[in-house]
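Letter by letter, the chains look like this.
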Amino acid sequence: MNKDKNNSFGAGVRDGIPIGLGYLPVSFSFGIMAVNGGIPALAAVLISMTNLTSAGQVAGLAILTAGGAFTEMALTQLVINLRYALMGIALSQKLDKGFNLLHRMLCAFCLTDEIFAVAASKEGEVSRGYMYGLLSLPYVGWTLGTLLGAVAGELLPERISSALGIAIYGMFIAIIVPPACKQRGVLLAVLLAAGISCAIEYVPVFSGITQGFAVIICGIAASAAAALLFPADKEAEEE
Amino acid sequence: MNQSIYLFISVLVMALTTYLIRMLPLVVFRRRIKSRFLRSMLYYMPYSVLGAMTVPWIFYSTGSFVTAAVGFAAALVFSVRGRSLITVALAAVAAALITGFFVG
């Protein structure tokens with residue numbers, strides 16, 4: 001009973017509020033960036049509505065403004081967004097029986113890092129209603145933020161827009177810290193991933209690794225180490 | 001090629017590539033994975049991915065290392081106490097904003 005309530009459309013909407021809010025400043029700065037690069041405001045909004053991904057859109061924008069080839073565009077998106085494939089596999093194990101082919105195809109459209117993290121770290125299976133609730137506000141926030149940034153980017157005080165940049169990371173911390181306090185496996189996975197991520201960023205030998213690939217490497221290495229040392233039987237098989 | 005046609009096709013290529021990467025695994029992996037190791041790994045995956053995306057990037061998120069570090073600390077304090085996602089996110093923003101008045 002309690003479980004149903006936590007798996008309803010309303011519960012999804014509620015969990016989507018911080019994601020949607022967190023997206024506002026990020027998509028806002030994307031909107032500004034696009035217009036500054038000579039992309040019409042409407043095109044910027046179209047990009048956000050059809051892509052819903054920050055790193056991929058910023059990279060795509062650079063290619064667009066440079067007049068890059070379509071193959072370059074496709075390859076770049078593939079590399080940067082390959083982490084979504086990894087997340088998709090993990091999420092595929094969490095969806096309940098209500099997800100037939102059509103619903104899987106629909107939800108995939110909005111599989112962002114944040115939506116994945118919230119849905120995949122949820123206890124038990126994820127219902128269709130919850131998933132659609134969860135992705136609704138982030139989609140609106142991402143679109144609206146882009147529009148506002150594109151048409152009114154200069155209106156928000158610099159001090160506020162830069163402070164808003166941390167919102168999305170605050171949300172990440174809220175997702176990882178409580179389970180990391182309770183389960184040593186989660187703590188190990190998080191610390192290892194953060195350590196590898198820093199190594200890739202700061203050790204010169206790894207400077208050729210893009211952020212998208214870095215996420216894949218950290219995700220696989222840290223999760224594998226945690227799975228070896230702390231098999232998550234109880235949590236993973238409880239459903 | 002006409003500029004707006006180029007723009008339109010580019011956006012289409014971009015969107016289609018991104019969508020296929022997201023959609024195929026969700027559609028292909030419909031059976032429950034049996035291996036205990038793989039299941040454990042997938043269980044830890046969201047936390048690893050988020051850990052890697054947060055550190056070190058959070059320290060660059062506000063344009064000032066100091067305000068970001070204070071925001072990070074505020075988020076840690078609030079999340080250890082088990083506050084909701086939105087509370088923790090807003091606490092980090094508020095801490096960064098207030099710190100900005102002193103150091104910026």
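Please refer to the structure placed before this passage.
In this report, the structure presented in the accompanying data block is examined. Every residue gets a number counted from 1 within its own chain, in the order that chain's sequence is written. Whichever chain is written first is A, and whichever ligand is written first is 1; the rest continue in order. Reporting in this predicted model follows two pLDDT cut-offs: at least 70 for local features of residues, and 80 or more for side-chain atom pairs to be given and counted; totals over whole chains, interfaces and linings ignore these cut-offs and use all residues. Working from all heavy atoms in the structure, the side-chain values ignore hydrogens and water.

## What to know about a nonpolar patch on the surface
Patch criteria: residues need more than 30% relative accessible area and no salt bridge. Like-charged residues are merged within 9 Å; nonpolar side chains of Val, Leu, Ile, Met, Phe, Trp and Tyr are merged within 5 Å. All accessible areas in this document rest on Shrake-Rupley with a 1.4 Å probe, and a residue is counted as covered only by the protein chains that are shown. When a carboxyl oxygen of Asp or Glu lies within 4 Å of a side-chain nitrogen of Lys or Arg, that pair is called a salt bridge. A contiguous nonpolar surface patch, about 710 Å² in accessible area, is contributed by I17, L21, L137, V140, L144, L147, L148 and V151 of chain A together with L90 of chain B. The helix and strand labels rest on DSSP assignments: H or I over at least four residues marks a helix, E over at least two residues marks a strand, and numbering proceeds from the N terminus. Every element with two or more residues in the nonpolar patch is listed here: α2 (9-36) and α9 (128-152) of chain A. Broken down by element, the nonpolar patch gets its largest block of residues, 6 residues, from α9 of chain A. Note that V140 of chain A resides in helix α9.

## A word on the packing of aromatic side chains
For Phe, Tyr and Trp, where Trp contributes only its six-membered ring, two rings pair if their centres lie within 6.5 Å, and the inter-plane angle classes them as stacked under 30 degrees, edge-to-face over 60, or tilted in between. Scanning all chains against the criterion turns up 10 aromatic pairs over all chains. Between Y169 of chain A and F172 of chain A, the ring centres sit 5.8 Å apart and the planes meet at 80 degrees, which makes this aromatic pair edge-to-face. In this pair, Y169 of chain A and F172 of chain A are both assigned in helix α11 (residues 167-182), 3 residues apart and thus about one turn of the helix distant. Residue Y169 of chain A shares its accessibility class with F172 of chain A, and that shared class is buried. Ring centres of Y43 of chain B and Y44 of chain B lie 5.2 Å apart, and the angle between their planes is 70 degrees; on these two criteria the pair is classed as edge-to-face. Categorising residues by exposure relies on relative accessible area from a 1.4 Å probe, with only protein chains included: less than 20% of the type maximum marks a residue as buried, more than 50% marks it as exposed, and the intermediate range marks it as partly exposed.

## Notes on unusual backbone geometry
Cis peptide bonds are those with omega within 30 degrees of zero, and the linkage from V55 of chain B to P56 of chain B qualifies with 5 degrees. Assignment of secondary structure puts P56 of chain B in the loop between α2 (36-54) and α3 (65-80). A positive phi angle, close to 50 degrees, is found at L52 of chain A, a residue other than glycine.

## Topic: the pattern of salt bridges
Residue and element names in this part refer to chain A. As enumerated under the stated definition, the model contains 3 salt bridges over all chains in all. Notably, a salt bridge pairs R83 with D113, separated by 2.8 Å at the nearest N-O pair. Of this pair, R83 sits in helix α6 (residues 83-92) while D113 sits in helix α8 (residues 113-120), placing them 30 residues apart in sequence. We classify D113 as buried; its relative accessible area is 6%.

## Observations concerning the packing of α8 of chain A against α2 of chain B
Lines fitted to C-alpha atoms define the axes, with helix axes restricted to the stretch in contact, and inter-axis angles between N-to-C directions lie between 0 and 180 degrees. Orientation of α8 of chain A relative to α2 of chain B, taken along the N-to-C sense of each, is 140 degrees, at an axis distance of 9 Å. Relative to α2 of chain B, α8 of chain A is oriented oblique. As for the relative orientation of α8 of chain A and α2 of chain B, their crossing is left-handed in sense. Contacts between α8 of chain A and α2 of chain B involve D113, F116, A117 and A120 of chain A from the former and P46, L50 and M53 of chain B from the latter. Here roughly perpendicular refers to angles of 65 to 115 degrees, roughly parallel to angles under 35, roughly antiparallel to angles over 145, and oblique to all remaining angles. Crossings are sorted by hand: turned counterclockwise from the far helix by less than a right angle, the near helix makes the crossing left-handed, and turned clockwise it makes it right-handed. Every residue pair with non-hydrogen atoms within 4.5 Å of one another is taken to be in contact.

## Re α6 of chain A
Most of α6 of chain A is tucked away: 9 of the 10 residues are buried. The set of residues buried in α6 of chain A consists of R83, Y84, A85, L86, M87, G88, A90, L91 and S92 of chain A.

## Section: helix α5 (residues 70-81) of chain A
Residues and elements named next belong to chain A. In this analysis, the expected span of each helix is defined as 1.5 Å times one less than the number of residues it contains. Relative to the 16 Å expected for 12 residues at 1.5 Å per residue, α5 spans 16 Å between its end C-alpha atoms, a close match to the ideal helical length. Within the sequence span of α5, burial applies to M73, Q77, I80 and N81. Mapping the buried residues of α5 onto a view down its axis gives an arc of 80 degrees, with all of them on the same face. Along α5, exposed side chains directed more than 90 degrees from the buried face belong to T71 and L75. The arc in question is the one traced by the directions running from the helix axis out to the C-beta atoms.

## Some thoughts on the interface of chain B and chain A
On the side of chain A, 106 residues touch chain B, which itself brings 67 residues to the contact. Contact between chain B and chain A buries roughly 7600 Å² in total, counting both sides, with carbon and sulfur atoms accounting for 74%. Where chain B touches chain A, the interface holds 1 salt bridge. The salt bridge involving E125 of chain A is made with R32 of chain B; its shortest N-O contact spans 3.1 Å. Any N or O atom pair separated by 3.5 Å or less is treated as a polar contact, with the protein-specific requirement of one donor-capable and one acceptor-capable atom, and with residues adjacent in sequence counted only for side-chain atom pairs. The interface formed by chain B and chain A includes 24 residue pairs in polar contact (both at pLDDT 80 or more). Here the quantity called buried area is the accessible surface, traced with a 1.4 Å probe, that two parts lose on coming together, added over both.

Coordinates in, geometry out; function isn't part of it.
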